[in-house]
Structure formats: C-alpha cells, structure tokens
Amino acid sequence: MRSFEKLSYTDKIKWRIRILWATLLIMLAYMVIVSELGGGDSRMMTDLAQSVSRIIFFGGIVFVIYRIIHNKKLLKDRFLLKEQMLLELDERNQYLHDKSGGIVVDILLLILLFSTVTAALFNMTAFYLSFLLLLSTVLIKTVTYLVFSRKV
C-alpha cells in the first residue's frame, strides 16, 4: 500500500479526484441496484423519508461533482493550490477537526448518510431511527466544533 504522506500535494489532489470519480460511480451503481430491488416505493414511504432520501442522495451527487470540479481547478491554478494547501495544513483547522471528532466522526457521518438513504427506501421504522442518529451526530459535531473554535 502506498504511503500518502510521502506524496506531493499535487499528487494527493489527483488521488482525491480518482476517489471522487469512484465514489460517483458507486453512487450511480447503488441507484440502479436499489431500483432493481424495488426500493423507494412511494406508497410505503412517508413524505419526510422521500424528501430526506432525495436530498441526501442527489445532494451527495452534486457535492461529489462539485468537489471533482474544485480539485481539477486547483490543479490548473498554482496560486489556488498553494492557498488550499496552507488552509489544510493550518494547525488551528486541524485542531478543531480533531476535537470535533476528526476522521472517525466523518466516517460515521458517511455511514449514517448511507444507512438513512437505504432505510428510507425500504423501512420507515429503520429510517426514523437512522435519521435521528444522523441528526444527533451532526448536532454533536457542530456544537463541539463551535465550542472549541471559541476557545482557540
């Protein structure tokens, strides 16, 4: 396995773009698989479940496309690339991210987003539980981030 710490920042951005393209392909495959399994039946879904699943899924697709475009723009403009690198390497930003849960909570949020969308398409009881956990996690991360940002 490659060590990403030894890569230049430009190479890291290229890897991010590849991962984002893979994410987009996985999301599209997920959409096809769910429709083949009969998920998303509007007769079984509540309005909240329909709205939340659409916002999360299609918002996720728009976000991934935006990040691909943004990262490609960084590769074309050295000044923007350097600015982004300084922003990411800023100790205050790293500290706030770590104190608000860091990569662990980020991964948990992705899992909760996936489970909320899937539950919304198949089971309303599971959807409401997953949605509650998702909202709780977002609230905890946000409050923790705000509390530590005022201290630093």
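The structure this text deals with has already been given above.
Residues numbered from 1 in each chain as written. Predicted model: local features only at pLDDT ≥ 70, side-chain atom pairs only at ≥ 80, totals over all residues. Heavy atoms only, no water.

Observations regarding the overall build of the chain
Defined as follows: Strands are runs of DSSP state E lasting at least two residues, helices are runs of H or I lasting at least four, and both sets are numbered from the N terminus onward. Any residue under 20% of the maximum accessible area for its type is buried, any over 50% is exposed, and the rest in between are partly exposed; the area is computed with a 1.4 Å probe on protein chains only. Contacts are residue-level and defined by heavy atoms, with any inter-residue pair within 4.5 Å sufficient. Residue burial considers only the protein chains on display, and all accessible areas are found by Shrake-Rupley using a 1.4 Å probe. Note that His is not counted, nor are the chain ends; the positive residues are Lys and Arg, and the negative ones are Asp and Glu. Where a charge lies is defined by one atom per residue type: Lys uses NZ, Arg uses CZ, Asp uses CG and Glu uses CD.
The secondary structure content of the chain amounts to 6 helices and 0 strands. Helices and strands appear in the chain in the N-to-C order α-α-α-α-α-α. Projected onto the principal axes, the alpha-carbon positions of the chain cover approximately 50 × 35 × 30 Å. Counting over 152 residues, the chain shows a buried share of 30%. Here the contacts in the chain between residues at least 6 apart in sequence split such that 77% fall between residues at least 24 apart. Working note: accessible area of the chain is about 10,600 Å², and carbon and sulfur atoms make up 69% of it. When the 19 basic and 12 acidic side-chain charges of the chain are each reduced to a single mean position, those positions are 4 Å apart.

Some details on helix α1 (residues 9–36)
Heads up, the rule is: In a helix, the anticipated span is given by 1.5 Å times the number of residues less one.
In this model α1 runs 41 Å from its N-terminal to its C-terminal C-alpha over 28 residues, within 8% of the 40 Å that 1.5 Å per residue would give. Burial in α1 covers these residues: Tyr9, Thr10, Ile13, Ile17, Leu20, Leu24, Met27, Tyr30 and Val34. Lining the buried residues of α1 we find α2 (47–76), α3 (78–89) and α5 (102–122). Gly38 occupies a position one or two residues after α1 and carries a positive phi of about 85°.

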